[in-house]
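Breakdown of the fold
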Amino acid sequence: MEFKNFDLNYSLEGKVCAVTGAAQGIGMSIAELFSQKGATVAAIDLSADVFATVKKLGKNACGIVGDITEKEAPSRIIAEVISTFGKIDVLVNCAGIDPLGPAELFAEDQWDRTMAVNLKAPFRLSQEAAKEMIKAGQGGRIINMASQAGIVAIDGHIGYSTSKAGMIGMTKSMAFEWGKYGITVNAVSPTVTMTEMGTKTWHGEIARTALQQTPAGRFCQPVEVAGLCVYLASDASEMVTGANFVIDGGYTIH
């Protein structure tokens, strides 16, 4: 594709963006910042709390409630985005779960559910979104929320780490195959982020130990992840694909 100049303010004006996990945490922050940058947002979540997010976003937004692991959910969700807004330009796979436990005791049903939510559903959603992007012929953006746990080992995170490592690999394969259609696919790998899920796990001694190993000396805020996602969703990132962007305050550099 030829180089096209872009808005240095990273405007998302005119873009239709679908964000999973938008009822809280990083997903909600992404939906809010995308909206502030001019995007039309489809906020997707298992919880009806997502409509509280939609209310904050205003008229250029809709809420979609559903379990992304259900067989027909990915096609239904993307079809609803298309029927509501006429197209899809950006998909952010942000929904995820993090059941913890030692590898030798990690239950099979926990493993299956983690892979279903964190890896299979993002694959299916990306597949359905890419089909629409290819059909439209205007390119697109897919952003996969991975984790520093997909790069380095973290105690008690066997299922989560495996799913996020898989997501990073999946991102590269999608980027390789869909680049010819003008679709970029990138992963974002945050450190511990101060969301409801993050603060529930990372507190007390475990938090102090992690911070001692983090050069920045603090954990991440959701808006910092959202800021990177704005860049990756914008026209400025056309030459960036198949990358894994680590936002970890230096945790994984040693």
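Before any of the text, the structure's been laid out above.
Residues numbered from 1 in each chain as written. Predicted model: local features only at pLDDT ≥ 70, side-chain atom pairs only at ≥ 80, totals over all residues. Heavy atoms only, no water.

Section: the environment of threonine 40
Examined against the element boundaries, threonine 40 turns out to sit in strand β2 (residues 40-45). Considered as a pair, threonine 40 and lysine 59 are 19 residues apart in the sequence and their alpha carbons are 8.7 Å apart. The residues touching threonine 40, leaving out its near neighbours within four places in the chain, are Lys15, Val16, Cys17, Asn60 and Phe85. (Helix = DSSP H or I, 4+ residues; strand = E, 2+ residues; numbered from the N terminus. Contact = heavy atoms within 4.5 Å.)

Details of the state of the cysteines
One pass over the structure, following the stated rule, counts zero disulfides. You can see cysteine 94 has no disulfide; the closest cysteine sulfur is in cysteine 229, sitting 7.1 Å from it. (Disulfide = S-S within 2.5 Å.)

Some words on the pattern of salt bridges
Here the structure, examined in full by the defined rule, presents nine salt bridges. We note a salt bridge from aspartate 235 to lysine 15, for which the minimum N-O separation is 2.9 Å. In this pair, aspartate 235 sits in the loop between α8 (222-233) and β7 (244-247) while lysine 15 sits in the segment before β1 (16-20), placing the two residues 220 residues apart along the sequence. What makes lysine 15 buried here is its relative accessible area of 14%. Notably, a salt bridge pairs lysine 56 with glutamate 32, separated by 2.7 Å at the nearest N-O pair. Residue lysine 56 is located in helix α2 (residues 50-57), and its partner glutamate 32 is located in helix α1 (residues 25-36); the two are separated by 24 residues in the primary sequence. Using a relative accessible area of 22% as the deciding quantity, one classes glutamate 32 as partly exposed. (Salt bridge = Lys/Arg side-chain N within 4 Å of Asp/Glu carboxyl O. Buried < 20%, exposed > 50% of the residue type's maximum accessible area, 1.4 Å probe, protein only.)

Some details on the pairing of β2
Each regular strand displays side chains that alternate between the two surfaces of the sheet. The buried fraction of β2 amounts to six of the six residues, a majority that puts the element mostly inside the structure. Covered by surrounding structure in β2 are Thr40, Ala42 and Ile44 together with Val41, Ala43 and Asp45, the residues of both alternating faces. Two strands pair when backbone bridges link them, and β1 and β2 are joined in this way by five bridges, in the parallel orientation. Residue pairing for β2: valine 19 is matched across the bridge by alanine 43. The handedness of the β1 to β2 crossover, carried by α1, is right-handed. Strand direction decides the pairing type here: β2 and strand β3 (residues 61-65), joined by five bridges, are parallel. Residue pairing for β3: aspartate 45 is matched across the bridge by valine 65. (Pairing = 2+ DSSP bridges. Right-handed = clockwise from strand over helix to strand, strands pointing away.)

Observations regarding unusual backbone geometry
Generally, phi is negative for residues other than glycine and the peptide bonds are trans, each holding for most cases. In this model, tyrosine 10 sits at a positive phi of 55°, which is unusual for a non-glycine residue. Inspection of the secondary structure assignment puts tyrosine 10 in the segment before β1.

Description of the nonpolar core
Among the nonpolar cores identified, the biggest contains 33 residues, and Ile30, Phe34 and Val188 are the most heavily contacted of them. Only β1, α1, β2, α2, β4 (90-93), β5 (140-145) and α8 provide two or more residues apiece to this core. Core analysis: the second largest hydrophobic core is formed by 30 residues, Cys62, Ile78, Leu125 and Ala175 among them. (Core = buried A, V, L, I, M, F, W, Y, C linked by side-chain atoms within 4.5 Å.)

A few points about the packing of aromatic side chains
Within this structure, the stated rule accounts for one aromatic pair. Ring centres of tyrosine 10 and tyrosine 231 lie 5.8 Å apart, and the angle between their planes is 70°; on these two criteria the pair is classed as edge-to-face. Here tyrosine 10 is found in the segment before β1, whereas its partner tyrosine 231 is found in helix α8, with 221 residues between them in sequence. Assessed through its relative accessible area of 32%, tyrosine 10 is described here as partly exposed. The partly exposed category is assigned to tyrosine 231, whose relative accessible area is 22%. (Phe/Tyr/Trp six-rings, centres within 6.5 Å; stacked < 30°, edge-to-face > 60°.)

Let's talk about the environment of methionine 194
Within the secondary structure layout, methionine 194 lies in the loop between β6 (183-190) and α6 (196-201). Residue class for methionine 194 comes out partly exposed when judged on its relative accessible area of 28%. Spatially, the C-alpha atom of methionine 194 lies 34 Å from that of glutamate 177, the residues being 17 residues apart in sequence. Contact partners of methionine 194, with chain neighbours within four places excluded, come to Thr199, Phe219, Cys220, Gln221 and Pro222.

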